[in-house]
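Remarks on the overall topology
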Amino acid sequence: MDIFFLVFATFSLFVSRYITLTGALSIGLNYGTKGDNLPSPAQGFAKLQERHVHRVRLFEPDHDILAYVNSNPAFEIMLGTLNEDTTKLASDPAYAAAWVNTNIVAYPNITFSYITVGNEIAFPSDLASSLPQAMTNLDAAIKSTGRKIPVSTAISFAIMGVSYPPSAGAFTNDSASVMGSIAAFLETNQYPLCANIYPYFAYSGNPADVRFDYAMFNTSDVVQDGDLQYKNLFFAMVDSVVSALEKVGGPNVQIVVSETGWPSAGNDIATVKNAEMYINNLMGTLFINEGSPKRPRHNLETYIFAMYNENLKPDGTERNFGVYRPDLTEVYHVYFPDN
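All figures in this text were calculated on a predicted structure; none of them were measured in a lab.

The next subject is the pairing of strand 1 (residues 27–30). Residues I27 and L29 of strand 1 are buried on one face, and the alternating residues G28 and N30, pointing to the opposite face, are buried as well. Alignment of strand 1 against strand 2 (residues 55–58), held across three bridges, turns out to be parallel. From the neighbouring strand, N30 faces strand 2, where its bridge partner is R57.

Below, the structure is given as structure tokens:
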């Protein structure tokens, strides 16, 4: 495994120089704020700019961060709404309009790449049932301002009822109906679905059946699925979501990987070495493949989780997904491309 890591790390050095010419990778970072010791937005975003990371995901409006980015518009922001706001966004178009005015119109210099309604909302639930209308109302409010910003939601892989083989991918019975409505909205507007893809959780939850090297992009073995071949779990998970979308009427909906990562502490497989290997092998693989087997020529926009280790999250692995510590020293080195 060390040999594979060294190969990808070395290759990533090449990628960081060559990618500016090709534009083949779209890599961003999730910028969480659940810590009482985090640096200021100016310090954090200066580090991102230094590392040529220009795509950033915010889970909710943080007006200190938005004000900073508005005055330093070198970044594209994926901005989320709070899960608990979903029902009100669905039931009250005026509330959706006010949300847009407060969090988008007030920041005219920011390029918003996507607005995501909620993150990993549980199915079935009242919040989940409200998602399609909430997305519709927020989209209408954005369009009324003259802005063109795709509206989506970020799903958890937990709503997948079947994920193996990828061609059999299907949403759970409890989520299929709502996901069908979401897929129809996304298909009509040509917006992507944001999906949180974690080979770490797939492996840690089922190590008897999921191979570590398959989760780590470190195998030359092939998992055959009809005419398609899979050499890593990440692409297999992405394509199972694509298959699930096809089954509910969204065959043309693209995927944005809104989260992926590997923790660096918290249990015996959550180590700095494994986190570094996973992230750098991921980026090398995305560069080589430019997409999954089902969509091999699609530039798979992917956001690493996360910027910081956040000490207000639950103890254990949840506190240890960061690329940086709160003092902005590296937990491990990532070979970020210029993108």
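So much for the structure itself; the text now carries on.
Moving on to the packing of helix 2 (residues 41–50) against helix 3 (residues 63–71). At a minimum axis distance of 10 Å, the contact between helix 2 and helix 3 shows a crossing angle of 55°. Taken together, the axes of helix 2 and helix 3 lie oblique to each other. Regarding helix 2 and helix 3, the two cross each other, and that crossing is right-handed. Contacts between helix 2 and helix 3 pair P41, A42 and F45 from the former with D64, I65, Y68 and V69 from the latter. Of the residues contributing to the contact of helix 2 with helix 3, the split by class is six nonpolar, no polar and one charged.

Within this structure, the stated rule accounts for 20 aromatic pairs. For the pair F45 and Y68, a centre-to-centre distance of 6.0 Å together with 45° between the ring planes defines the contact as tilted. One end of the pair, F45, is in helix 2; the other, Y68, is in helix 3, with 23 residues separating them in the sequence. The class of Y68 is buried, set by a relative accessible area of 18%. Centre to centre, the rings of Y200 and W262 are 5.1 Å apart; their planes meet at 75°, and the pair counts as edge-to-face. Highlighted residues: Y200 in helix 8 (residues 199–205) and W262 in the loop between strand 11 (255–260) and helix 11 (272–289), separated in sequence by 62 residues.

We now examine the pattern of salt bridges. Taken as a whole and assessed by the stated rule, the structure comprises ten salt bridges. Between E330 and R51 there is a salt bridge; the shortest N-O distance is 3.3 Å. Linking E330 in the segment after strand 12 (302–304) with R51 in the loop between helix 2 and strand 2, this pair joins segments that are 279 residues apart in sequence. You can call E330 partly exposed: its relative accessible area is 31%. Judged by relative accessible area, R51 falls into the buried class, the value being 13%. The shortest N-O distance in the salt bridge between K313 and E310 comes to 3.7 Å. Under the relative-accessibility criterion, K313 is labelled buried at 13%. For E310, a relative accessible area of 2% corresponds to the buried category.

Another aspect to go through is helix 10 (residues 233–247). Because an α-helix completes one turn every 3.6 residues, residues spaced three or four positions apart along the sequence face the same direction. Under the 1.5 Å per step criterion, the end-to-end length of helix 10 is 21 Å for 15 residues, consistent within 8% with the ideal 21 Å. Between the side-chain oxygen at the start of helix 10 and the backbone nitrogen of F234 there is a gap of 3.3 Å, and the oxygen is on N232. Looking one or two residues past helix 10, G249 carries a phi angle of roughly 95°, positive in sign.

Strand order in this closed barrel of eight strands is 1-2-3-4-5-8-11-12, and the pairing throughout is parallel. The sheet shows a mean angle of 25° between the axes of neighbouring strands, taken without regard to direction. Of the strand pairs in this sheet, strand 1 and strand 12 are connected by three bridges, and their pairing is parallel. Counterpart to G28 in the pairing with strand 12 is Y303.

On to the nonpolar core, then. Counting residues in hydrophobic clusters, the biggest one holds 100 residues, and the most contacted among them are F45, I77, I115, F234, I255 and W262. With ten residues, the top contributor of residues to this core is helix 10. Grouped together as the second largest cluster of nonpolar side chains are six residues, M78, C194, V256 and Y303 included.

For the rest of this paragraph, the subject is the confidence of the model for the protein chain. Chain-level statistics for the protein chain give a pLDDT mean of 93 and a share of 92% at 70 or above. Considering only residues more than four positions removed or in separate chains, one finds that residues 3–23, a stretch of pLDDT under 50, has 35 contacts.

Once that is clear, we can look at the pairing of strand 5 (residues 151–156). Counting buried positions over the six residues of strand 5 gives six, a clear majority of the element. Both faces of strand 5 are covered, namely the face carrying V151, T153 and I155 and the face carrying S152, A154 and S156. Judged from the three bridges that link them, strand 4 (residues 111–119) and strand 5 form a sheet pairing that is parallel. The residue bridging I115 from the neighbouring strand is V151, located in strand 5.

With that settled, the discussion passes to helix 5 (residues 93–105). Here helix 5 has its buried residues at A96, W99, V100, N103 and I104. Down the axis of helix 5, the buried set is contained in an arc of 100°. They therefore lie on one face. Contact partners of the buried residues in helix 5: helix 3, strand 3 (76–81), helix 4 (86–91), strand 4 and helix 6 (126–144). Regarding helix 5, its N-cap is D92, as a side-chain oxygen of that residue lies 3.0 Å from the backbone nitrogen of A94 further along.

Basis of the calculations
Residues numbered from 1 in each chain as written. Predicted model: local features only at pLDDT ≥ 70, side-chain atom pairs only at ≥ 80, totals over all residues. Heavy atoms only, no water. Buried < 20%, exposed > 50% of the residue type's maximum accessible area, 1.4 Å probe, protein only. Helix = DSSP H or I, 4+ residues; strand = E, 2+ residues; numbered from the N terminus. Pairing = 2+ DSSP bridges. Axes fitted to C-alpha atoms, helices over the stretch in contact; angles between N-to-C directions. Parallel < 35°, antiparallel > 145°, perpendicular 65-115°, else oblique. Left-handed = near helix turned anticlockwise from the far one by under 90°. Contact = heavy atoms within 4.5 Å. Nonpolar A, V, L, I, M, F, W, Y, C, P; charged D, E, K, R; others polar. Phe/Tyr/Trp six-rings, centres within 6.5 Å; stacked < 30°, edge-to-face > 60°. Salt bridge = Lys/Arg side-chain N within 4 Å of Asp/Glu carboxyl O. Expected span 1.5 Å × (residues − 1). Polar contact = N/O pair within 3.5 Å; in protein donor to acceptor, adjacent residues only side chain to side chain. Core = buried A, V, L, I, M, F, W, Y, C linked by side-chain atoms within 4.5 Å. pLDDT = per-residue confidence, 0-100. Arc of directions from axis to C-beta.

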